[in-house]
Protein chains: 2
Amino acid sequence: MPRPTLAQIAKTAGVSVSTVSKVLNDRTDVSQDTRAKVDSALREHRYVRRGIPAEGPTVRTVDLVMSGLDGSWPASVASGMEAAAYEVGVHVVVSVARTSAPLGRHRGPDWVDRIIERGSAGVVLGLIEPTEDQLTRLRRARVPCVVIDPLSDPSPDVMSVGTTNWTGAYEGTAHLLELGHRRIGLVTGPPDHLYARARLAGYRSALAAAGVEVSPELLRHGTYERASGAEQVGALLTLPEPPTALFICSDHLAIGGYEALAEAGLRVPDDVSVVGFDDLPEARWVHPALTTVRQPLKEMGRSALRTLLRLMDGEEPESRRVELATTLVVRDSTAAHRKA
Amino acid sequence: MPRPTLAQIAKTAGVSVSTVSKVLNDRTDVSQDTRAKVDSALREHRYVRRGIPAEGPTVRTVDLVMSGLDGSWPASVASGMEAAAYEVGVHVVVSVARTSAPLGRHRGPDWVDRIIERGSAGVVLGLIEPTEDQLTRLRRARVPCVVIDPLSDPSPDVMSVGTTNWTGAYEGTAHLLELGHRRIGLVTGPPDHLYARARLAGYRSALAAAGVEVSPELLRHGTYERASGAEQVGALLTLPEPPTALFICSDHLAIGGYEALAEAGLRVPDDVSVVGFDDLPEARWVHPALTTVRQPLKEMGRSALRTLLRLMDGEEPESRRVELATTLVVRDSTAAHRKA
């Protein structure tokens, strides 16, 4: 079967050739409906991405290397990446980013050596930050690399897929402002983390747009663990004028915050409103269900794989950084401010 | 470096040769302490399992194929399996068990064809049931297979790693009986699922041992989804004499049960005690924290990989089925029965 032309695909999908090209290049300025139509036409024509043989003796494997595999964050990213890889016949090896000697006296290979030894065709990194040395070794072995949600400003030549942290934080904070809250506490991640900084900046901008001054005593930095959320929220509650609402930059931190609030005898949302960030399944398990800023983790996994495929094909992406849109998901943890 | 003998390992670990052999064969009759000592000695001597070259041009990859990748169940299994694979230099490809045509008109390869095409050294299956045809194709391609928590009685020649479903259910029910409950509702999975049947049998045996008759109207079968838990518990609450405690055979079903109880204005555990099964992270997120029967999912992933390695080495395991122990984790959802 000859390779279908983009014009044929475009005709079947009822769109322009440039739209087909945009979808193939994973551009963000295409509506979901249009993307679905084009995807369907690509499948109908059995379109195979450049550089990937439809059949062949060797199957390409790529790697997803993350700081850990437990929990719903890695599961969602892996799920999205695997689904996208399946569509193009690529297999995904999943592993933990081990760098030091985990096996007693025996120093095991680090993740870079492991994937190069196997002949990985490319790697997606989740919640880890490659060092310059690691990037150099990957480059020498011609293993392209895409970072999901980089912890710090990545080297200019590292591709990354993230989420609109600033906009998400802006919208989460604006939601609380619209409910009449003015003293809004913030708990975010470590100050050296890129996304923690972006979320803090979004919070600041939302307050500024509403003409509310930022009170430095309302800003707290935690880690990304539940206990840290309880600790930081506990500290905010001891203020002479405690906050009436909290914007907490991870669902796990927010759930820790719930504990501190319950301990202080405060009800959510009657006494204090809470907005989280992530929209992990946990946000729906807790009571009251958490209003949160959704990161499209599956789509991030999918987008990272698509970007990686382009690098594997020797293409040069227009942008080194892709940011997928966040969405505010309003549930039961936010309510209108009660005037004193 | 010559291959170390078991005697050398035993001397370093300060144990007998037969104990070293037990650890290598993944037997369960070795204490954790002893296992740790032997593991440490194995690493110190850089002992490499038979059939696995310490270094070599080809890296062996195995597969973990599951019904889906989202959520904490698959994440825990993958985490345990990957950690065990790292120790022996094996890589784990993770994928979803796709069998039918997921891509519109284009019929994609099923998971068996995919892993055979890549030259998988072995496969662990989670929450899926291989058909006879699939098992035959795997056998012909010499790809050994281990099933985690089989849904139904597996063929006599299929290796499986499960958990002590009967004992776990017995202990969960006994806990409620000890708290003075006599009308204990049961919600379990589909009646054709092996583990659902084993859990029902454990419940029955615990009641029988306590001299409590089983009331058929208290037994409900659901799926493994949250909404099903709400539905089945809702039905139990409409009985003329509703239960004062519930043994619910999955954490997700139990969390659905929480919703039905809240809707009926009943408090957990003051009005109704609830015991779940699984001990997923969700069990700790909900309020009140769920008392549940813990399945050692990580250890199941680890054990499945070790069993698979033995099959890959051509060994014949003593037992076709391994059952790892459950543990009752008592949290805040169970309380003493209040006499009317």
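How each quantity is defined
- The residue numbers shown here count from 1 along each chain, following its written sequence.
- As a convention, the first chain written is A and the first ligand written is 1, with the rest following in written order.
- Local features in a predicted model are, by the rule used here, given only for residues with pLDDT of at least 70; side-chain atom pairs are given and counted only at 80 or more, and totals for whole chains, interfaces and linings are based on all residues.
- Numbering of helices and strands starts at the N terminus; helices are DSSP runs of H or I of at least 4 residues and strands are runs of E of at least 2.
- Buried, partly exposed and exposed are defined by the number of other C-beta atoms within 10 Å of a residue's own C-beta, namely 20 or more, between the two limits, and 12 or fewer respectively, with C-beta atoms placed from the backbone.
- Working definition of a contact: two residues with C-beta atoms, positioned from the backbone, lying within 7 Å.
- Two strands make a pair as long as DSSP finds a minimum of two bridges between them.
- Axis definition: a line fitted to C-alpha atoms, over the contacting stretch in the case of helices. Angles run 0 to 180 degrees between N-to-C directions.
- Think of it as three bins: nonpolar holds Ala, Val, Leu, Ile, Met, Phe, Trp, Tyr, Cys and Pro, charged holds Asp, Glu, Lys and Arg, and polar takes everything else, Gly as well.
- We superpose the copies by least squares over the C-alpha atoms of residues that have a pLDDT of at least 70 in both of them.
- Working definition: roughly parallel below 35 degrees, roughly antiparallel above 145 degrees, roughly perpendicular at 65 to 115 degrees, and oblique for all remaining angles.
- Crossing handedness is defined as follows: a turn of the near helix away from the far one that is anticlockwise and smaller than a right angle gives a left-handed crossing, while the clockwise case is right-handed.
- Each domain span listed reflects an automatic or database assignment of domains.
- pLDDT is defined as a per-residue confidence score from the predictor, taking values between 0 and 100.

J.: How should the overall build of chain A be read in this particular structure?
T.: Along chain A, the regular secondary structure elements total twelve helices and twelve strands. Seen along its three principal axes, the alpha-carbon backbone of chain A occupies a region of about 75 × 60 × 35 Å. In chain A, which comprises 340 residues, the share counted as buried stands at 46%. Of the contacts formed within chain A by residues at least 6 apart in sequence, a portion of 70% connects residues at least 24 apart.

J.: Just to check I follow, could you spell out the sheet that holds strand β9 (residues 273-278) of chain B for this structure?
T.: Backbone hydrogen bonds hold the strands of a sheet together, and the pairing may be parallel or antiparallel. Residue and element names in this part refer to chain B. Reading across the sheet, the six strands line up as β7-β6-β8-β9-β10-β12 and stay open at both edges, with mixed pairing between neighbours. This sheet does not close on itself; its edge strands, each paired only once, are β7 (219-221) and β12 (327-329). Averaged over all adjacent pairs, the angle separating strand axes in this sheet is 20°, with direction ignored. Direction of pairing for strand β6 (residues 184-188) relative to strand β8 (residues 245-248): parallel, over a ladder of four bridges. Note on β8: the bridge partner recorded for Leu 186 is Phe 247. The strands that helix α8 (residues 194-209) touches are β6, β8 and β9; relative to β6, the one it contacts most, it runs at about 170°.

J.: Teacher, can you tell me more about the interface of chain B and chain A here?
T.: You'll often see interface size given as the accessible area lost when the parts meet. With 38 residues of chain B in contact, the opposing surface of chain A contributes 38 residues. Elements that contribute at least two residues to the side of chain B that touches chain A include exactly α3 (32-44), α4 (72-87), β2 (91-96), α5 (111-118) and α11 (282-285) of chain B. Looking at the side of chain B that touches chain A, the element that brings in the most residues is α4 of chain B, giving nine residues. Per-class residue counts for the side of chain B that touches chain A are 15 nonpolar, twelve polar and eleven charged.

J.: Would you take a moment to explain the relation of the copies chain B and chain A for this structure?
T.: The pair of chain copies shares a relation made of a rotation about an axis and a shift along it. In screw terms, the move from chain B to chain A is a rotation of 180° and a rise of 0.1 Å along the axis, fitting with an RMSD of 0.3 Å. The transformation just described matches what one would write down for a two-fold rotation axis. Across chain B, the smallest distance between a C-alpha and the rotation axis is recorded for Val 93 of chain B, namely 2.0 Å. Interface overlap between copies: 100% of the residues of chain B at the interface are likewise at the interface in chain A, consistent with a symmetric, same-surface contact.

J.: I keep staring at the packing of helix α9 (residues 226-237) of chain A against helix α10 (residues 251-263) of chain A and nothing clicks. Help me out?
T.: Two measures define how a pair of helices packs: the angle their axes make with one another and the distance between the axes. Residues and elements named next belong to chain A. Following both chains from N to C, one finds α9 and α10 inclined at 50°, their axes separated by 6 Å at the closest point. Classed by the angle they form, the pair α9 and α10 counts as oblique. Of the two elements, α9 crosses α10, and the hand of that crossing is right-handed. For the pair α9 and α10, the contacting residues are Arg 226, Ala 227, Ser 228, Gly 229, Ala 230, Val 233, Gly 234 and Leu 237 in the first and His 252, Leu 253, Ala 254, Ile 255, Gly 256, Gly 257, Glu 259, Ala 260 and Leu 261 in the second. Within the contact of α9 with α10, the residues separate by chemical class into nine nonpolar, six polar and two charged.

J.: Is there a simple way to think about the domain arrangement of chain A in this case?
T.: Each assigned domain of chain A is listed here: domain 1 (1-40) and domain 2 (165-295). Relative to domain 2 of chain A, the C-alpha centre of domain 1 of chain A lies at a distance of 41 Å.

J.: Can you walk me through unusual backbone geometry in this structure?
T.: Both trends apply: most residues other than glycine have a negative phi, and most peptide bonds are in trans. Residue and element names in this part refer to chain A. Across the junction of Val 268 and Pro 269, the peptide omega takes the value 0°, indicating a cis bond. Along the chain, Pro 269 falls in the loop between α10 and β9 (273-278). Residue Pro 288 is reached from His 287 by a cis peptide bond, and omega for that bond is -5°. Here Pro 288 lies in the loop between α11 (282-285) and β10 (291-294). One non-glycine residue, Asp 279, lies in positive phi territory at about 60°.

J.: Could you clarify how one ought to interpret the confidence of the model for chain A in this entry?
T.: Detailed conclusions should not be drawn from predicted coordinates in areas where pLDDT is low. Residues and elements named next belong to chain A. Taken as a whole, chain A shows an average pLDDT of 89; of its residues, 92% reach a score of 70 or greater. Throughout residues 50-57 the model reports pLDDT below 50, and contacts reaching past four residues in sequence, or to other chains, amount to six contacts. Here residues 102-106 is a poorly scored stretch, pLDDT under 50, and it has eleven contacts once near neighbours within four places are set aside; other chains count. This complex was scored by the predictor with a pTM of 0.79 and an ipTM of 0.78.

J.: Honestly, the packing of α4 of chain B against helix α12 (residues 297-312) of chain B in this entry has me stumped. Any pointers?
T.: Residue and element names in this part refer to chain B. Across the interface, α4 lies against α12 with an axial gap of 7 Å and an inter-helix angle of 45°. In terms of axis orientation, α4 runs oblique to α12. Here α4 and α12 pass one another in a crossing that is right-handed. On α12, the residues that touch Trp 73, Ser 76, Val 77, Ala 78, Ser 79, Gly 80, Met 81, Ala 83, Ala 84 and Ala 85 of α4 are Leu 297, Lys 298, Glu 299, Met 300, Gly 301, Arg 302, Ala 304, Leu 305 and Arg 306. When its residues are assigned to classes, the contact of α4 with α12 shows eleven nonpolar, four polar and four charged.

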